[in-house]
Structures are given as structure tokens and as C-alpha cells.
Amino acid sequence: MITAPDIDSLFKLIKEAKYLVTLTGAGVSTLSGIRDFRGKNGLYNEIDAEKIFSLEYFEKDPSLYYNQAGSFIYNINEKEPSIVHNVLGKLEQQGYLKALITQNIDLLHQKGGCKNVIEIHGSPTSHYCLRCAGVNVSFEEAAAIVRKGEMPKCKCGRVLKPAITFFGEGLPANALKQAVTESQQADLMLILGTSLTVFPAASMPEHTLRNSGKLVIVNNQPTPLDRKALMCFEDLGAVFEGLDKLLG
Ligand SMILES: [Zn+2]
């Protein structure tokens, strides 16, 4: 149960922070009706994610990815940002939020108005050829092709791969480097909707702690860093509705 003074103190922390950074995970997206991969009703129970998002398999047969992902990646343009995405957008626009690091690949932070979004698990915003630099296709272009039951292709004939990080691939090096730098710089990190179990995302708060930054965690499950956090909340929706009122 969250009481009003808690949100007041959180808002005070946010206002007083010199360098606020946020780390977000799947819990933020489920508020927008996007299904979690690992949760109780997670997609992993229904789909063979290991195969769909396997680089090795994709190189052999990309149709599995495109057939399956049609229903949970190429329809994300129909999803609306939640109160969390929108308030984070406001916090950035009002100068409080300096950078947002996300494990999500649903582009909803951008839709919620955030500009400095670091996508450490890649992004479906672009689709590229694993063999040549022939073409680069945007999310919208790819989604239109996928909706017709086809696959986006390169000039060389090869099926394009989304720039989402697949199993067997390294995380995008630039994004990762940027995420570490921002985490080190943060004097306050808001950790939202992630249980801090997937590395290297889970190591970002450690960089903040090491530089004497503070952590605030909002997650519906305990995380390994709860006892090192200044404040912990459970209900993302309630916390952000409260912040929204205070932000005006
Ligand atoms: Zn090509």
C-alpha cells in the first residue's frame, strides 16, 4: 500500500537529483498490454523463443521469426504508451530525466515522448542484411510487409533481420557503452518494472551505487537490490499516477 507522503518524497528526490537516469524492463510494457516474456502468463510459455530469436536458426530459416513475431512485434504500433511512458516523457521534457536505459523493444518510450532512449537489447526500428549493406528497412516498412504475410528482403535477395538482439548475438556495443556511462553518472536511478535478473541490464544499478548514486525501485516482485535501494515501491501504475499529479 503506497501512501501519499511516499510519492511526495520520491518526487522531492527526483527534483533534487542532478543526474536522473531510468532503467526499465518488461513490467513497464505490460501496462500497455504488451505481454511479458518470462512472467507467469509470459510468451515464453507459448512460443519457442529460443528458436524464434536464435541467430543460428534465423540464418537457416527466417520465416519462423516472421510468422510468429507478426503477432507480438509487428503490431506494437497499435499499442499506446502507459502512464509510466508518458510521465517519463514529461520528466525528460521538463529537464529532470537525463537518460533512459531500456530492455524493452517495443518503442513505447519514444511514443511516450522520451528522446534519449538507450535500447540495450536492440530495437525493431531497423532491419538490415546480415550479408551486405544493401538496404535498411524501418519498422513501419517491415510491419507493412509482414502484415501481407511476406518478409522484408535485401537487394541481394536475403531476408532482413530486425536489429533486435537475438540469442547468439552480442548486445549492441554502443548502446551498452552509453548505458554504462549514464549509469555511472547518475546520482539517482529509477529502476522500473524489472526484477534485475538479466545481465548486463542488472549490473547498471551497480555502476550507480559504486559512484555513490541512489536507487529507487518500483517492481511488483522483490529484486536482489531492494535492500540497497533508498525506496522500494510495488505498484508502477499507482506511483506514476501520483507523480503525474505532482508534475502537473
Ligand atoms: Zn544484402
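Description of the structure in this document. (Residues numbered from 1 in each chain as written. Predicted model: local features only at pLDDT ≥ 70, side-chain atom pairs only at ≥ 80, totals over all residues. Heavy atoms only, no water.)

Considering the overall build of the chain
What counts here: Helix numbers and strand numbers start at the N terminus; a helix is a DSSP run of H or I with at least 4 residues, a strand a run of E with at least 2. Computation of the radius of gyration draws on C-alpha atoms, with the globule rule given as 2.2 Å multiplied by the number of residues to the power 0.38. Throughout, exposure labels follow a simple rule: accessible area from a 1.4 Å probe, protein chains only, divided by the maximum for the residue type, with under 20% read as buried, over 50% as exposed, and the rest as partly exposed. We call two residues in contact whenever any of their non-hydrogen atoms come within 4.5 Å of each other. Throughout, the Shrake-Rupley method with a 1.4 Å probe supplies accessible areas, and for residues the shown protein chains are the sole cover considered.
Regarding its fold elements, the chain presents eleven helices and nine strands. Relative to the compact-globule value of 18 Å for 248 residues, the chain shows a C-alpha radius of gyration of 19 Å, a close match. With the principal axes as the frame, the chain shows a C-alpha extent of 60 × 30 × 30 Å. Buried positions account for 49% of the 248 residues belonging to the chain. Considering only residue pairs separated by 6 or more positions, the chain has 67% of its internal contacts joining residues 24 or more positions apart. Counting only carbon and sulfur atoms, one obtains 50% of the accessible surface of the chain, whose full area is about 11,900 Å².

Side note on the coordination of the zinc ion
Note the threshold: Any N, O or S atom lying within 2.8 Å of the metal counts as a donor, with the limit raised to 3.2 Å for Na, K and Ca; because water is left out of the atom set, some sites can appear incomplete. Geometry is assigned from donor-metal-donor angles: four donors are tetrahedral when every angle falls between 85 and 135 degrees, four are square planar and six octahedral when opposite donors sit over 155 degrees apart with all other angles between 65 and 115, and any other arrangement is irregular.
Donor atoms from the polypeptide that coordinate the zinc ion comprise Cys129 (SG), Cys132 (SG), Cys154 (SG) and Cys156 (SG), at 2.2 to 2.3 Å from the metal. Around the zinc ion, the four donor atoms sit at angles spanning 101 to 117°, and that spread fits a shape best called tetrahedral. Here the donor residues of the zinc ion share one chain and are spaced in sequence as C-x2-C-x21-C-x1-C. Note on Cys129: relative accessible area 6%, which makes it buried.

Considering the environment of Leu190
On the secondary structure map, Leu190 appears in strand β7 (residues 188-192). Residue Leu190 is classed as buried on the basis of its relative accessible area, which comes to 1%. Each C-alpha atom of the pair Leu190 and Cys232 lies 10.0 Å from the other, and the pair is 42 residues apart in sequence. Leu190 has contacts with Leu10, Ile14, Leu20, Val21, Thr22, Leu23 and Val216, leaving out every residue within four places of it along the chain.

A short note on the sheet that holds strand β5 (residues 136-138)
Definition in use: Here the rule is simple: two strands pair whenever DSSP picks up at least two bridges between them. Axis geometry follows a simple rule: fit a line to the C-alpha atoms, using only the stretch in contact for helices, then measure angles between N-to-C directions, giving values from 0 to 180 degrees.
In space, the three strands of this open sheet follow the order β5-β4-β6, with antiparallel pairing throughout. At either margin of the open sheet sits one strand with a lone partner, and together these are β5 and β6 (161-164). Across the sheet, the axes of successive neighbouring strands diverge by a mean angle of 40°, strand direction being ignored. Judged from the three bridges that link them, strand β4 (residues 122-128) and β5 form a sheet pairing that is antiparallel. From the neighbouring strand, Tyr128 faces β5, where its bridge partner is Asn136.

Here's the deal with the pairing of β7
A large share of β7 lies buried, amounting to five of its five residues. Where burial is concerned, the two faces of β7 agree: the one with Leu188, Leu190 and Leu192 and the one with Met189 and Ile191 are both buried. Bridge count between strand β1 (residues 20-24) and β7: five bridges; the pairing is parallel. By the bridge assignment for β7, Leu23 is matched with Ile191. One ladder, built from five bridges, connects β7 with strand β8 (residues 214-218); its direction is parallel. Within β8, the position partnered with Leu192 by the bridge is Val218.

A short note on the sheet that holds β1
Strand order in this open sheet of six strands is β3-β2-β1-β7-β8-β9, and the pairing throughout is parallel. Lying at the two open borders of the sheet, with one neighbouring strand each, are β3 (117-119) and β9 (231-233). The sheet shows a mean angle of 15° between the axes of neighbouring strands, direction not considered. Pairing geometry for strand β2 (residues 97-102) and β3, over three bridges, is parallel. Bridging across to β3, Ile101 finds its partner in Ile118. Across the sheet, helix α6 (residues 83-93) lies against β1, β2 and β7, angled at about 145° from β2, the strand it touches most.

Considerations on unusual backbone geometry
Of note, the amide linkage connecting Phe199 to Pro200 takes the cis form, showing an omega dihedral of 5°. Looking at the element boundaries, Pro200 is found in the loop between β7 and α10 (204-210). With phi around 65°, Leu107 is a residue other than glycine that occupies positive phi space. Relative to the elements of secondary structure, Leu107 occurs in the loop between β2 and α7 (108-111).

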